[in-house]
Every structure is written in C-alpha cells, then in structure tokens.
Amino acid sequence: MNKKVWLFYFSIFLVLIAVTFSPLVIPSGVATPWVLGMPRTLWAGILISVLLAVLTLFAAQSIKDEE
Amino acid sequence: MIIWLAIFGIIYTLLLSYTSYIAKKERNLDPKEFALGGGNLNVFLGVLTYSATLFSTFTLMGMPNFFRTHGVGAWIFLGVTDVAMAFLIILFGLRIHKVFQQRNFYSMGSFLKHSYQSKLASNIFLIGIFIFLIPYASIQIKGISSFLAISAPIKLSETYWSVVMLSIILSYSSVGGFKAIVYSDAIQGLILLAVVWLISFACLENVGGFGEMFNVIKENDPKLLSIPGPKGLLDFQFLFASFLSIVIMPVTQPQLTTRLIAMKNRKQLRMMAPSVAFFVIAVILPATILGMYGAVKYPTQTPQEFWNGLLIQDQSPVIAALTIIGLIAAAMSTTDSQLFALGNESTILLKDDKNVQAKTKGLIFIFAVGALLFSIFSTDNLVPLARLSFAGTGVLAPMILLAIFSEENQKLGLLVPILSLVGLIIFIISTLIYSKVYFGGIRIELILYFVLSLVAIFTYFQSKKKIA
C-alpha cells in the first residue's frame, strides 16, 4: 500500500468526518438553509455521504497492494 | 394481492432452491470451503452479500420508523456512518484479508487465540458475540414475524412465522453452506433495492413530491427537521458513539468479517469498498423518504400501524406482494449470515476436527433456537436493539484491531483481553441491567472505547519495542 497516498485520502476522510460532527452539518435545532427542499442536516449529510463514497472510490483505485 | 404473492413467492423459492443446489454442487468437504465458500468471491457477489447482511428488515421497517420518530438527524446515524464504514473497509479489510491468508485462519476466534497465545482472548470474543449477536439476529425475526402476523394474507401468529422463517434459513444454509448464503444474499440484496425504490416513488407521488412532504413536516412537527429530534435522542454524543460503533463493524461483527476474508483477492476487496458505499446511499436515501412520508401520513400511529399502512395499504397489490417477499428476503439474509457466523466461530470450542461441518450445523441450529426464544420476548424497537449490538461488540474492537495490526512475532500479553472483558461486563451491567447510559455526563461506550484504545495502542508500541 502506498502510504503517502493512503494518508492523503485518510486525512480528507478525517476532515469530512470532523465537518459532519460540527455545527456546520448538525446544528442543534436549526433547519436552515434549505437546499432542494431539504433541511440543512439532511442535504449536508447526503452531500458528505456522496463525497465519502467518491473518496472511497479514489482511495480504492489508487492503492497498489501486493498480492 | 394473494395471486401476486404466490407468483413472487414461487419465483423466490425456486431461485433460492436453485442457488442452494449450485452451491452444494460447487462445494467439497473441506471445512474451510464450508465456512468461506472457497474464498473466491468477486466484487459483484461481495458487494451484494455484504450489503444484504448489513441491511435487513430495518431497511424497510426500522429505518423508516426511526426517521419518522427522530427526524433527519437519522441520516448522520445511518447514512454518513455506513458510508464511512465502507471507506474503512479498505483499511481494515485489506489487512484482515492479508493476515488471515498468510496465517491461514478463517475465523476470528481462532485468530485471536493464536495472536494472544491464549484461549482467554477467543473466549472473550465468543462471549461478546453470543451476548450481542443472538439478540441482533432475533430482532430480524421479530420484525418480520410481527409484520407478517398483521399484514400477510395467511393468518399465523408471530411465533409460527418465526418458526417458518428459521426453518427456511436452516434448510438452505445447511445444504449449501456459506456459498448458498452468499447466492441467496445476492438475490435478496437486489430484491431489497428494487422494493425500497418502488415504494418510495409511490410514497412521493402520494404526498405530492419531495418539497411538499417537507413543507407539511415543517408545519406539523418542525423538530423532525434538525437534531436532536423530537425526543432529544440524536444529540452529538449519541451520533458520535454510534459512528464509532458502526465504522468498526467490519472487524467486530463476524458475519461481516467473514465476507471480507472470503473475497477472491485484495484487488476485488478494494473495489468492493466503493461499491458498498454507493449501495449504502442507494438504500438509505429511499428509506429516508419512507420515514418522512410516515411523519406526514402516520405521525402518531404505532410502528405496526405505520408499517402496515406504508408497505401494504398504500401500495398497489403488485408492489405490496413484492414488498412482503422483499421483507422476508431481507430478514433472512441478515439472520442466516449471523447464525452461520456464530456457528462458524463456535467451532473453536470443538475438541477435535472430526465432522466439523455436521457439528457447525448443530451449533447453527442451537443458535437458531436461541434467536427464536429471544425473538418471542424482545420488543419491536429494531434500531435501538441493533445499535446496542453494534455498541456492545464495539467494546471488543481494540482487542481485535491490536491483533490484526500487530506482526505475528509480537507478544501482546493479556492486558487488553482482560480489560476488554471488564469493559464488556461494565457495558452489560450499566446498559442492560441498570439502563444507565451516561457516566459523569459522557456515554459509557465512549469512555470504554477511549480507555481500551489507549491501552491497545500502548501495548502495540511496547511489544513492538521488545522485538526491535
């Protein structure tokens, strides 16, 4: 496994998780701003999930593992 | 609806019988073959079997009910967390696959026994999974049986439905072993995905679209639109502790670990991770719609009334029939994997290697009876019970991760296994017996994860230093 590449993707993963558990995504009792008819926690949560899925795709493709 | 139910039921039974037959034909008498299906799963089968094992009745029942009750914060608990778990499959999965292949193991219990050079570690693991997986398996049975008792055209009691479900599971898993379960998971995963989308489209049409649905919720119960939700459950600590419990499930829940080990090679395993991530989104997104629909149409009804309305009454007969088959499939795909994993892990308790397959089947039968008995007495709160299972097995994670990431010649000692046992006892006493979730304002599982992880990291570096 290429450690530098993995650490790069893992750092992005940690940042996304930190953002998820911050008031940016889960403010208590706040539903605004609305996007595409969805309250904040839902659209921001879906966005984070999609970013994580794309990150997983890149991370999986970039790792060269010895068999 | 009965005619459609008969048609889908026959198709599903034929598919299940055919895949069991194929699996039996491919199988030989090697116990490893029975336990891992030859260890040659490709990405397609890997994703479907992993996802079908992960998502069960609570995709169609528990998840929507959880969204209906606690609001959009459930997306963090279910959506973000499960995709993060898929990302970590790369880290945990590749390492597990490598060490299990190199050291020739196919069950976590025997691997832990070898790594810690003591039966204590494997016994603690077995205690943990018995306590937390049997209830988890039983809630699948409970969920589907209570639904069928009310909604199915054939009127049987909950207990009878539970017996029918477990009998079918035992039949095909004992015929074809792990491979039969994998094939049936693939069918069940696809049915589940189709059903959850079909119902969500019908529901959206019913409430006048996505925007209108949230407008009604904004007027009726605005607390559903942010955390911590109307009941105050989804606060930061609950969400974060759930995140930690769930992302480590690939190593703490043997039914998932088995699927990682059984992948053909590490390239297939790597590519399985993003596929699982996208599958998670594809399943939880429509489940969110079902929950929000429930908040609009069934805000005060009981879970059974909600499920009956959502899945049967509000659907066309074709979709309702397919839903019943989908629910049966979903419940079975998780339960069979859990029972099989429990049986497989328990083989470490056998005194000799004679007739391992027959003995594994016997153990699976015993666990099935245990799950049946538990399902008779358990509640309908599927998601909280499932979460309790994740949190409980999560206590074992530092012990397992230490063994997985250490080299074979590292002497790990018994401090971490002993503390894990103490942690399990504390968790069980506080959560199950005294229903006490917090200690000094912090959730008990968070404290346990933190302390055990610190000790495991310390042990890792100490043992590494000794061999340097």
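Higher on the page you've got the structure.
This report concerns the structure included in the present document. Fair warning: this is a prediction, and the values are worked out from it, not measured in the lab.

### Examining the overall build of chain B
(1) Moving on: Assigned secondary structure in chain B consists of 20 helices and two strands.
(2) Moving on: For 468 residues, the compact-globule estimate of 2.2 N^0.38 gives 23 Å, and the C-alpha radius of gyration of chain B, at 22 Å, lies within 12% of that figure.
(3) Moving on: Projecting the C-alpha coordinates of chain B onto the three principal axes gives extents of approximately 65 × 55 × 40 Å.
(4) Moving on: Out of the 468 residues in chain B, the part that is buried amounts to 56%.

### Notes on the nonpolar core
(1) Moving on: Formed by 178 residues in total, the largest nonpolar core has its most connected members in B:Phe87 and B:Val276.
(2) Moving on: Setting aside chain neighbours within four positions, we find B:Val276 in contact with B:Val47, B:Tyr50, B:Ser51, B:Ala86 and B:Ile89.

### Observations regarding the interface of chain A and chain B
(1) Moving on: Tallying the contact residues gives 31 residues for chain A and 32 residues for chain B.
(2) Moving on: Listing elements by their share of the side of chain A that touches chain B, those giving two or more residues are α1 (3-20) and α2 (40-62) of chain A.
(3) Moving on: For the side of chain A that touches chain B, the element with the highest residue contribution is α2(A), accounting for 14 residues.
(4) Moving on: Split by residue class, the side of chain A that touches chain B holds 21 nonpolar, eight polar and two charged.

### A short note on the environment of B:Tyr460
(1) Moving on: Relative to the helices and strands, B:Tyr460 resides in helix α20 (residues 444-467).
(2) Moving on: Given 18 C-beta atoms within a 10 Å radius, B:Tyr460 is considered partly exposed.

### Details of helix α3 (residues 43-54) of chain B
(1) Moving on: The end-to-end C-alpha distance of α3(B) is 16 Å, a good match for the 16 Å that twelve residues give at a rise of 1.5 Å each.
(2) Moving on: Of all the residues in α3(B), the buried ones are B:Leu45, B:Gly46, B:Val47, B:Leu48, B:Thr49, B:Tyr50, B:Ser51, B:Ala52, B:Thr53 and B:Leu54.

### Here we look at the environment of B:Ala180
Residue and element names in this part refer to chain B.
(1) Moving on: The residue Ala 180 is located in helix α8 (residues 158-207) in this model.
(2) Moving on: Accessibility expressed as a C-beta count within 10 Å gives 26 for Ala 180, which makes it buried.
(3) Moving on: On a C-alpha basis, the gap between Ala 180 and Leu 260 in space is 17 Å, while along the polypeptide they are 80 residues apart.
(4) Moving on: Each residue touching Ala 180, except ones within four places of it in the same chain, is listed here: Thr 19, Ser 20, Ala 23, Tyr 172, Ser 173 and Val 175.

### A short note on the packing of helix α4 (residues 57-70) of chain B against helix α13 (residues 266-297) of chain B
Residue and element names in this part refer to chain B.
(1) Moving on: Two numbers describe how α4 lies on α13: the axes approach to 7 Å, and their chain directions differ by 55°. Between α4 and α13, the angle is such that the two are oblique. Between α4 and α13 lies a crossing whose hand is right-handed. In this structure, α4 contributes Thr 59, Met 63, Pro 64, Asn 65, Phe 66, Phe 67 and Arg 68 to the contact, and α13 contributes Val 283, Ile 284, Ala 287, Thr 288, Leu 290, Gly 291, Met 292, Gly 294 and Ala 295.

### Examining the packing of helix α7 (residues 119-151) of chain B against helix α19 (residues 415-433) of chain B
Residues and elements named next belong to chain B.
(1) Moving on: Between α7 and α19, the least distance of the axes is 9 Å, while the angle of their chain directions is 20°. It follows that α7 is roughly parallel to α19 by the angle criterion. In this structure, α7 meets α19 at a crossing whose hand is left-handed. Only Pro 417, Ser 420, Leu 421, Leu 424 and Ile 428 of α19 make contact with α7, whose side of the interface consists of Leu 120, Ala 121, Ile 124, Ile 127, Gly 128 and Ile 131.
(2) Moving on: Partitioned by chemical class, the residues of the contact of α7 with α19 number nine nonpolar, two polar and no charged.

### Some thoughts on unusual backbone geometry
(1) Moving on: The residue after A:Thr32, namely A:Pro33, is reached through a cis peptide bond having omega -5°.
(2) Moving on: Among the secondary structure elements, A:Pro33 is positioned in the loop between α1 and α2.
(3) Moving on: Cis geometry is found at the peptide bond from B:Ile227 to B:Pro228, where omega equals 5°.
(4) Moving on: The topology assignment puts B:Pro228 in the loop between α9 (210-220) and α10 (236-247).
(5) Moving on: For A:Leu36, which is not glycine, the phi dihedral falls at a positive 50°.

Rules used throughout
- Residues numbered from 1 in each chain as written.
- Chains lettered and ligands numbered in written order.
- Predicted model: local features only at pLDDT ≥ 70, side-chain atom pairs only at ≥ 80, totals over all residues.
- Helix = DSSP H or I, 4+ residues; strand = E, 2+ residues; numbered from the N terminus.
- Rg over C-alpha atoms; globule rule 2.2 N^0.38 Å.
- Buried ≥ 20, exposed ≤ 12 C-beta atoms within 10 Å, placed from the backbone.
- Core = buried A, V, L, I, M, F, W, Y, C linked by C-beta atoms within 7 Å.
- Contact = placed C-beta atoms within 7 Å.
- Nonpolar A, V, L, I, M, F, W, Y, C, P; charged D, E, K, R; others polar.
- Expected span 1.5 Å × (residues − 1).
- Axes fitted to C-alpha atoms, helices over the stretch in contact; angles between N-to-C directions.
- Parallel < 35°, antiparallel > 145°, perpendicular 65-115°, else oblique.
- Left-handed = near helix turned anticlockwise from the far one by under 90°.

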